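For reference, the chains in residue letters:
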Amino acid sequence: MTFIYIHWNADPTMIDLWGFPISWYGLLFALGFVFGYIIMQKIFQREQIPQKILDNLSLYMFIGTVVGARLGHCFFYEPEYYLAHPIEILYIRQGGLASHGAAIAILISLWIFSKKQKKPFSWIVDRIVIVVALAGFFIRLGNLMNSEIYGQVTHVPWAFIFDRIDNQPRHPSQLYESVAYLLLFFLLYWMYFKRNASKKPYLLFGVFLLGCFGFRFLVEFIKDVQVDFEHFMALKMGQWLSIPFIISGLYFIFRKTKDAK
C-alpha cells in the first residue's frame, strides 16, 4: 500500500526584523510562559495569594528553566565537547536544551523559592506542574518547527518526511509528545479546579512526573538518537534520565492514595 506522507519543510525563522531573526521555537517557548503566567494568576487569585509572589515565582521559573535546560543538554548529551569549549555553553541561540536538565533546575529553584516565601514545597510544585505540562506542549511544537527531535523511519500513514533532514518517512514524535503534554495539562487542570486534588500534598506533582516522564520513556523507543553514543546504549539517555522521575511519581501517587484511605 502506498501512502502520501506529509512533507514537512517549515522555516524555523518566523520573521526577520532588520537582521534579527525571530524563530518559531522562541515564540512558542515564550507562549508557554505567557499562558503559564495567566493560569497561575488565576490559581493565585483563587487562593488569594498576592500578585508580587507570582511575579517572583515567574522569575525563579524562567531562570531555572533556561539555565537548567541548557546545562542539561551540555552535560547530559555532549559533555566532552562543552567541557573542552565551556564558553559555548552560553551560546543558547545555537540550540541545545534538555527537558531533564530543566526539570532538575526548576525543582532546585522552586525549593529555594519555597524557603524564601516560607511556603511548603508541596504547595508550589502541585500548582506549577499544571503550567509546566502546558509549556511542554508549546516547546515540542517548537521542536517540530525546527525539524528536530524527530522519530525513527516508519511507514505509518501519518508519517512525516522532514525535508530538511532526508527523504525518509518518520514518526512525528514531537507531535506525539506535544499532544500527550496537552492532555496531561487538561488532566491536572481538571484535578486542581474540579477535584480539589491540591488538598492532597504532592498528588498533582506525582501525576505530572508519572505522566510526563512515563510518556517520555515510551516515546524514546521510536525516536531517532540525538547523539551518537546512544547507539551503544541499552536505553537512550532520555530514558535513563526519566526513570528517577517515574519512580518518584509512583511514590508520591501511592503514598497520598494510601494516606487518603
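For the structure itself, consult the block above.
Residues numbered from 1 in each chain as written. Predicted model: local features only at pLDDT ≥ 70, side-chain atom pairs only at ≥ 80, totals over all residues. Heavy atoms only, no water.

Undergrad: It is not clear to me how the pairing of strand 3 (residues 20-23) should be interpreted in this structure. Could you clarify?
TA: If a strand is regular, its side chains alternate between the two faces of the sheet. Pairing between strand 2 (residues 13-17) and strand 3: 4 bridges, direction antiparallel. Note that in strand 3 the partner of T13 across the bridge is S23. With antiparallel pairing between neighbouring strands as the criterion, strand 2 and strand 3 make up a hairpin whose turn holds 2 residues, including W18 at a positive phi of roughly 50°. (Pairing = 2+ DSSP bridges. Helix = DSSP H or I, 4+ residues; strand = E, 2+ residues; numbered from the N terminus.)

Undergrad: I'm lost on the sheet that holds strand 4 (residues 160-162) in this one. Help?
TA: Spatially, 1-4-5 is the arrangement adopted by the 3 strands of the open sheet, whose pairing is mixed. In this open sheet, the two edge strands, each paired with only one partner strand, are strand 1 (6-8) and strand 5 (169-170). Here strand 4 pairs with strand 5 via 2 bridges, running antiparallel. Note on strand 5: the bridge partner recorded for F160 is R170.

Undergrad: What should I look at first to understand a positive patch on the surface in this one?
TA: Among the surface-exposed residues, K42, R46, K194 and K199 lie close enough to one another that they form a single positively charged patch. Mapped onto the secondary structure, K199 falls in the loop between helix 6 (173-193) and helix 7 (203-219). (Patch = residues over 30% accessible without salt bridge, like charges linked within 9 Å, V, L, I, M, F, W, Y side chains within 5 Å. Areas by Shrake-Rupley, 256 points an atom, 1.4 Å probe, with all protein chains shown as cover. Salt bridge = Lys/Arg side-chain N within 4 Å of Asp/Glu carboxyl O. Lys, Arg positive; Asp, Glu negative; His and termini not counted. Charge placed at Lys NZ, Arg CZ, Asp CG, Glu CD.)

Undergrad: Teacher, can you tell me more about a nonpolar patch on the surface here?
TA: Judged by side-chain polarity, L59, F62, I63, V67, L71, F75 and L83 come together as a nonpolar surface patch covering roughly 640 Å² of accessible area. Here L59 lies in helix 2 (residues 51-77).

Undergrad: I would appreciate a short explanation of unusual backbone geometry in the present structure.
TA: Glycine aside, residues mostly have negative phi, and peptide bonds are mostly found in the trans state. Of note, K118 is a non-glycine position whose phi angle comes to about 55°, a positive value. Relative to the helices and strands, K118 is located in the loop between helix 4 (99-117) and helix 5 (121-145). According to the relative accessible area criterion, K118 is exposed, its value standing at 74%. You will see that S147, though not glycine, has its phi angle at about 55°, which is positive. (Buried < 20%, exposed > 50% of the residue type's maximum accessible area, 1.4 Å probe, protein only.)

Undergrad: Explanation requested: the packing of helix 1 (residues 24-46) against helix 2 in the structure shown.
TA: When two helices pack together, their arrangement is given by the angle between the helix axes and by the axis-to-axis distance. One can describe the packing of helix 1 onto helix 2 by two numbers: an axis separation of 11 Å at closest approach and a directional angle of 150°. Regarding the angle of helix 1 to helix 2, the classification is roughly antiparallel. In terms of crossing hand, the pair formed by helix 1 and helix 2 is right-handed. Facing helix 1, whose interface residues are F29, F33, Y37, M40, Q41 and F44, helix 2 presents Q51, I53, L54, D55, L57, S58, M61, F62, T65 and V66. (Axes fitted to C-alpha atoms, helices over the stretch in contact; angles between N-to-C directions. Parallel < 35°, antiparallel > 145°, perpendicular 65-115°, else oblique. Left-handed = near helix turned anticlockwise from the far one by under 90°. Contact = heavy atoms within 4.5 Å.)

Undergrad: Help me out: how do you make sense of the packing of aromatic side chains in this one?
TA: Each aromatic ring pair is specified by the distance between its two centres and by the angle formed by the two planes. The full count for this structure, using the stated rule, is 22 aromatic pairs. Here the aromatic rings of Y81 and Y82 are separated by 5.2 Å at their centres, their planes lie at 85°, and the arrangement is edge-to-face. With a centroid separation of 4.5 Å and an interplanar angle of 40°, the aromatic rings of Y189 and F193 are classed as tilted. Taken together, the residues Y189 and F193, both in helix 6 and 4 residues apart, mark about one turn of the helix. The class for Y189 is partly exposed, based on a relative accessible area of 24%. Site record: aromatic cluster; members linked through ring pairs are F185, F186, Y189, Y192 and F193. Seen from the ring of F193, K42 lies directly overhead, with NZ or CZ sitting 4.8 Å from the centre. One Lys or Arg, K119, reaches over the ring of W123 and ends 4.6 Å from the middle of that ring. (Phe/Tyr/Trp six-rings, centres within 6.5 Å; stacked < 30°, edge-to-face > 60°. Lys NZ or Arg CZ within 6 Å of the ring centre and 35° of its normal.)

Interpretation note: all reported values are geometric properties and have no functional meaning in isolation.
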